[in-house]
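Letter by letter, the chains look like this.
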Amino acid sequence: VQLQASGGGLVQAGDSLRLSCSASGRTFSGYDMGWLRRSPGNEREFLAVISVRGGSTYYASSVKDRFTISRDSAKRTVYLQMNSLRPEDTAVYYCAASRDVDSRLPVVPSEYAYWGQGTQVTVSS
């Protein structure tokens with residue numbers, strides 16, 4: 001599966017932003033989809049994941065209640081709605097796909113086999 005992330009940009013603290021991730025190639029519906037990020041000097045950080053049919057989601061504590069992940073299977077697109085953005089949210093944001101093999105959602109970067117190219121989000125104070 002090929003992934004293309006978009007929607008990043010420069011915003012001010014407190015603003016909102018919606019990222020999109022379009023998928024092509026293999027069957028989109030066979031993958032759990034996640035969003036992760038990497039800020040300068042840090043490892044990739046898991047943010048959110050949504051199950052194959054969208055019935056289950058899980059969030060990192062750092063973004064829970066501020067970020068919302070969703071998917072539109074007809075459009076083969078996953079979204080990350082980000083509200084109340086903070087300067088510490090500044091990072092390159094990646095969408096990623098993990099083959100659905102069991103009921104457990106992938107919550108660490110190493111569980112994702114397919115990655116998009118990333119989109120930069122910068123939050124100014």
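Everything below is about the structure shown above.
Each chain has its residues counted from 1, running along the sequence as written. Per-residue local features of the predicted model are confined to residues with pLDDT of at least 70, and side-chain atom pairs are confined, for both listing and counting, to 80 or more; whole-chain, interface and lining totals are unaffected and use all residues. As a rule here, side-chain values come from all non-hydrogen atoms in the structure, and water together with hydrogens is ignored.

## Some points on the pattern of salt bridges
A side-chain nitrogen of Lys or Arg and a carboxyl oxygen of Asp or Glu constitute a salt bridge if their distance falls within 4 Å. One pass over the structure, following the stated rule, counts 4 salt bridges. Notably, a salt bridge pairs R37 with D89, separated by 2.9 Å at the nearest N-O pair. Taken together, the residues R37 in strand β4 (residues 31–38) and D89 in the loop between β8 (77–82) and β9 (91–99) connect sequence positions 52 residues apart. A simple rule labels every residue: compare its accessible area, found with a 1.4 Å probe on the protein chains alone, to the largest value its type can have, and call it buried under 20%, exposed over 50%, or partly exposed in between. For D89, a relative accessible area of 1% puts it in the buried group. A salt bridge links R66 to D89; its shortest N-O distance comes to 2.8 Å. Placement of R66 in the loop between β6 (57–59) and β7 (67–72) and of D89 in the loop between β8 and β9 is noted, with a sequence separation of 23 residues between them. Via salt bridges that share partners, R37, E45, R66 and D89 belong to a single interconnected network. Numbering of helices and strands runs from the N terminus, with a helix taken as a DSSP run of H or I at least four residues long and a strand as a DSSP run of E at least two residues long.

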